[in-house]
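Analysis of the macromolecular model
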Amino acid sequence: MWEKFIARCQEKGTTATATLTRFIELYLDGSIDDLDAIAGNEDEDKRLDSLEQKIEEITARMTQLTEAILKIQNHLNNQPKRRNNSYKNNSYYPGLTPRLQPLTEENLATRLNVNAQTIREQRVNLPPPLFVAWCKGKDRGGLGWEFNESTGLYHPVS
């Protein structure tokens, strides 16, 4: 019986000592007056398992949504620059211009119409001001890009 008890505790991710200690605490504070009440803990375990499963499902869905938002953001960042400047004349938003988000090396390579290896080589071989100028020459919108070591992303420079 003891070996079965230890095996059951291990299945539940706990130890026999912890389980017995918890039982003694519940018994002493009056939460468990008879052994029939212990069976109620299985229902609680099932509810906790169900709750954990729901949390995992929500977390997975949030991950999917985050990935979708990043894809949309990357898509928008890689769109050709619009020539219509009518939004600048909008009296509700004077001087408002769209702001580009930082890009990964792969996305910057796509934007500059080069491969990621070329981006990496230019960044390593050129001083930062020359790398920005090199990017300006390649970028369809004439923007320069600089690498931020702390984020690992390329940020637009006007």
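Being a predicted model, the structure only gives us computed values, none of them experimental. Sequence positions are assigned chain by chain, starting from 1 and proceeding in written order. Given that the model is predicted, a residue must reach a pLDDT of at least 70 before its local features are reported, and side-chain atom pairs must reach 80 or more before they are shown or counted; all residues, however, enter totals for whole chains, interfaces and linings. Side-chain metrics in this entry use all non-hydrogen atoms of the structure; hydrogen atoms and water are not considered.

**Regarding the overall build of the protein**
Inclusion rule: Numbering of helices and strands runs from the N terminus; a helix is a DSSP stretch of H or I covering at least four residues, while a strand is a stretch of E covering at least two. Partly exposed residues are those whose accessible area sits between 20% and 50% of the maximum for their type, while under 20% is buried and over 50% is exposed, using a 1.4 Å probe and protein chains only. The contact criterion used throughout is that any non-hydrogen atoms of two residues lie within 4.5 Å. Each accessible area value is a Shrake-Rupley result obtained with a 1.4 Å probe; residue values ignore everything except the protein chains displayed when judging cover.
Looking only at helices and strands, one finds six helices and two strands in the protein. Along the protein, helices (α) and strands (β) appear in the sequence α-α-α-α-α-α-β-β when read from the amino end. The 158 residues of the protein split such that 15% are buried. Nonlocal contacts in the protein, meaning residues at least 24 apart in sequence, comprise 38% of its contacts between residues at least 6 apart. Put simply, the protein shows about 12400 Å² of open surface, and 55% of that area lies on carbon and sulfur atoms.

**Quick word on the pairing of strand β2 (residues 153–157)**
Put simply, the test is: DSSP bridges decide pairing: two strands pair if at least two such bridges lie between them.
By the bridge criterion, five bridges tie strand β1 (residues 144–148) to β2 in an arrangement that is antiparallel. Of the residues in β2, the one forming a bridge with G144 is V157. Here β1 folds back onto β2, and the loop between the two strands holds four residues, one of which, G152, carries a positive phi near 75 degrees.

**Things to note about the nonpolar core**
For clarity, the threshold we go by: We define a nonpolar core as any set of buried Ala, Val, Leu, Ile, Met, Phe, Trp, Tyr and Cys residues linked to one another through side-chain atoms lying within 4.5 Å.
Listed in full, the 12 residues of the largest apolar core are L103, L108, A109, L112, V114, A116, I119, F131, W134, C135, W145 and Y154. Elements that contribute at least two residues to this core include exactly α4 (105–112), α5 (116–125) and α6 (128–138). Look past the residues within four positions of L108 in its chain and what remains in contact with it is L103, I119, W145 and Y154.

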